[in-house]
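# Inside the fold
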Amino acid sequence: MSAFNKTTNIAFQKFGEVYSESTSKDEFDDNRDYLTIKEKTLDYMYIADDYTYFRVKEGIAMLVVTDDIDKEPETFVIHRICKIKPGLLYNFVSITDESIMEINTQKPFSRVKLQKPFVFYPYSSSLTVNQILGDYYVVRGPNYDYPGEAHNYWEITYIDDGELYTNIDGVEYILKPQEVIFYAPGQRHTQRTKTTCSYLTVVFDMRIGVTDANVLINKVIKVGQKQGDILSFFSKSSQHKGPFLANLLTTSVQMFVVSILYHIHEKQSEQPMNTMMQHKYQSKLLGEILLYIQENIYNVITVEDICMKFSMSRSSLQALFNDNLDVSPKQYISELKFSKAKQMIKESTYSISEISRICGFSSIHYFSRKFKEKYGVTPTSYAKSIG
């Protein structure tokens, strides 16, 4: 799960609900308390015997929640007024330096100490390209021989055509087209050719951790299409002038380095290739199914319809939804239909009977009964409450 899923994401529904200002005003306004949070590390969780309402008044905050103290908690960026169910373990961390929460707990709550603290790690760059000191695209003829140098900056050489022989601290490497080598600060390196060779060299200052630096140095790295496109963009940009040229060039090199590191770590992953391919296939298939549901949400949609449309078994469809969305296909369709119906009631464009028919419910009586089971009020009462 992404660290930046919102409480409006369907995955939050197993923990609680999300409301607009109008639909929960009475419940939320009574007995409100204000809570200032700065924490990024949590040593304990709250637990309440009743529903808890909350929202963020200032800043950006994240809900940390679980139904079992031994489980890894899930996280949701708090969006709108939220209500979580009784008996859940929850707390908040501030994504910004400080956040102010408005919280309403109907009954007293207690604290439960975590055996292992929860730590929120902000998304920040682990490396930074500070400055480009030079970039050169050169074509060397046969028998070119550069005696070598060592300097205090990073340097990359990317081969466009031909072959380049380079020696780093006494070890020789052969670079072929679409391959790159990194020279770290202080590494003495030579370059020579046997045939014509064209290549790009970039010298730059970079802040990078020792672990990541060791991943890059002393190896010839094959450059993929995405990394090659970044270098092409860098080369084209470096030929122009403009107020943001330095930003473009440093950002491009930083993207290139990060992309190379990501690709290397991905290849070193223990996940088998067939599993990654399967995940890619499942993501694409799920996207197509969700789009089909969205486009037909105002019709009667059954699990059997989806299975027939996408030539898959019922069990495969169930597994696809459960593995990726933590809900069944039937529940997903139901949640989306009620979400659409609720929005239409708010907009007051149609009568309750018309909304029931438009959203594909079998009858207005069935719609009203299920709506009340889900939201605690009938559609008519809900319409009056927001009117």
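Residues numbered from 1 in each chain as written. Predicted model: local features only at pLDDT ≥ 70, side-chain atom pairs only at ≥ 80, totals over all residues. Heavy atoms only, no water.

Next up on the list: the side chain of Thr66. Mapped onto the elements of the fold, Thr66 is located in strand S5 (residues 61-66). In terms of polar contacts, Thr66 uses its side chain to reach the backbone carbonyl oxygen of Asp68, at 3.0 Å. Ignoring any residue separated from it by four or fewer positions in sequence, one finds Thr66 in contact with Phe15, Met45, Lys71, Glu72, Pro73, Leu88 and Leu89. (Helix = DSSP H or I, 4+ residues; strand = E, 2+ residues; numbered from the N terminus. Polar contact = N/O pair within 3.5 Å; in protein donor to acceptor, adjacent residues only side chain to side chain. Contact = heavy atoms within 4.5 Å.)

Take the pattern of salt bridges next. Two side chains with opposite charge may pair up if their charged atoms get near one another. Taken as a whole and judged by the stated rule, the model has 10 salt bridges. Glu172 serves as the salt-bridge partner of Arg192, at 2.9 Å between the closest nitrogen and oxygen. Taken together, the residues Arg192 in strand S17 (residues 189-192) and Glu172 in strand S15 (residues 171-175) connect sequence positions 20 residues apart. For Glu335, the salt bridge is made with Lys374, and the minimal N-O distance between the two is 2.6 Å. (Salt bridge = Lys/Arg side-chain N within 4 Å of Asp/Glu carboxyl O.)

The strands that make up a sheet are held in pairs by hydrogen bonds between backbone atoms, and each pair lies either parallel or antiparallel. Read from one edge of the open sheet, five strands run S11-S18-S13-S16-S19, paired in antiparallel fashion. Strands with a single pairing partner mark the edges of an open sheet, and in this sheet they are strand S11 (127-140) and strand S19 (220-222). Averaged over all pairs of adjacent strands, the angle between strand axes in this sheet comes to 25°, irrespective of strand direction. Across four bridges, strand S13 (residues 154-161) lies against strand S16 (residues 179-183) in antiparallel orientation. What sits directly across from Tyr158, in S16, is Val180. (Pairing = 2+ DSSP bridges. Axes fitted to C-alpha atoms, helices over the stretch in contact; angles between N-to-C directions.)

For the rest of this paragraph, the subject is the packing of aromatic side chains. According to the stated counting rule, one finds 19 aromatic pairs in the structure shown. The interplanar angle of 45° and the centroid separation of 5.2 Å between the aromatic rings of Phe338 and Phe361 together place this pair among those described as tilted. Taken as a pair, Phe338 in helix H8 (residues 329-347) and Phe361 in the loop between helix H9 (352-358) and helix H10 (364-375) lie far apart in primary sequence, 23 residues in all. Phe361 shares its class with Phe338; the two are buried. Arranged with centres 6.4 Å apart and planes meeting at 45°, the rings of Phe361 and Tyr366 form a pair that is tilted. The class for Phe361 is buried, based on a relative accessible area of 13%. Taken together, the aromatic side chains of Phe338, Phe361, Tyr366, Phe367, Phe371, Tyr375 and Tyr382 make up a single cluster linked through ring pairs. Lying across the ring of Tyr165, Arg192 places its NZ or CZ 4.8 Å from the centre. (Phe/Tyr/Trp six-rings, centres within 6.5 Å; stacked < 30°, edge-to-face > 60°. Buried < 20%, exposed > 50% of the residue type's maximum accessible area, 1.4 Å probe, protein only. Lys NZ or Arg CZ within 6 Å of the ring centre and 35° of its normal.)

Read across the open sheet, the five strands follow the order S1-S7-S4-S9-S2; overall the sheet is antiparallel. Strand pairing shows two members of the sheet lacking a second neighbour, strand S1 (16-19) and strand S2 (33-37), which therefore form its edges. Taking each pair of neighbouring strands and ignoring which way they run, the sheet shows an average axis angle of 25°. Pairing geometry for strand S4 (residues 52-58) and strand S9 (residues 99-105), over six bridges, is antiparallel.

Within the element layout of this structure, Asn91 appears in strand S8 (residues 89-94). Judged by its relative accessible area of 5%, Asn91 falls in the buried class. Of the polar contacts made by the side chain of Asn91, one reaches the backbone oxygen of Tyr44; its length is 2.9 Å. Here Asn91 is in contact with Leu42, Tyr44, Met45, Tyr46, Met62, Leu63 and Val64, once residues within four sequence places are set aside.

Each full turn of the α-helix corresponds to 3.6 residues, which orients residues three or four apart in the same direction. Given a rise of 1.5 Å per residue, 12 residues ought to cover 16 Å, and the 16 Å separating the end C-alpha atoms of helix H7 (residues 314-325) matches this to within 8%. If you check which residues of H7 are buried, you get Leu317, Leu320, Phe321 and Leu325. Taken end-on, H7 shows its buried residues confined to a sector of 90°, consistent with a single buried face. For H7, exposure combined with an orientation more than 90 degrees from the buried face picks out Ser315 and Asp323. Just past H7, the residue Asp326 takes up positive phi, approximately 60°. (Expected span 1.5 Å × (residues − 1). Arc of directions from axis to C-beta.)

As a further point, take the layout of surface pockets. Each pocket or cavity is described by its volume, and for the largest pocket that value is around 720 Å³. Along the walls of the largest pocket sit 25 residues, with Thr8, Gln13, Val18, Ser339 and Tyr375 positioned nearest its centre. Taken together, the elements giving at least two residues each to the lining of the largest pocket come down to S1, H8 and H10. For the lining of the largest pocket, the residue count by class is eight nonpolar, 10 polar and seven charged. Here the second largest pocket is characterised by a volume of approximately 420 Å³. Broken down by secondary-structure element, the contributors of at least two residues to the lining of the second largest pocket are helix H6 (303-309), H8 and H10. Sorting elements by how many residues they give to the lining of the second largest pocket places H8 first, with five residues. Partitioned by chemical class, the residues of the lining of the second largest pocket number seven nonpolar, four polar and five charged. (1 Å grid on protein atoms, 1.4 Å probe; cavity = no way out; pocket = protein on both sides within 12 Å on 5 of 7 lines; lining within 4 Å. Points joined across faces, edges and corners; volume = space filled by probe spheres on them. Nonpolar A, V, L, I, M, F, W, Y, C, P; charged D, E, K, R; others polar.)

You can see Val215 is positioned in helix H2 (residues 210-216). According to the relative accessible area criterion, Val215 is buried, its value standing at 13%. Ignoring any residue separated from it by four or fewer positions in sequence, one finds Val215 in contact with Leu261, Ile264 and His265.

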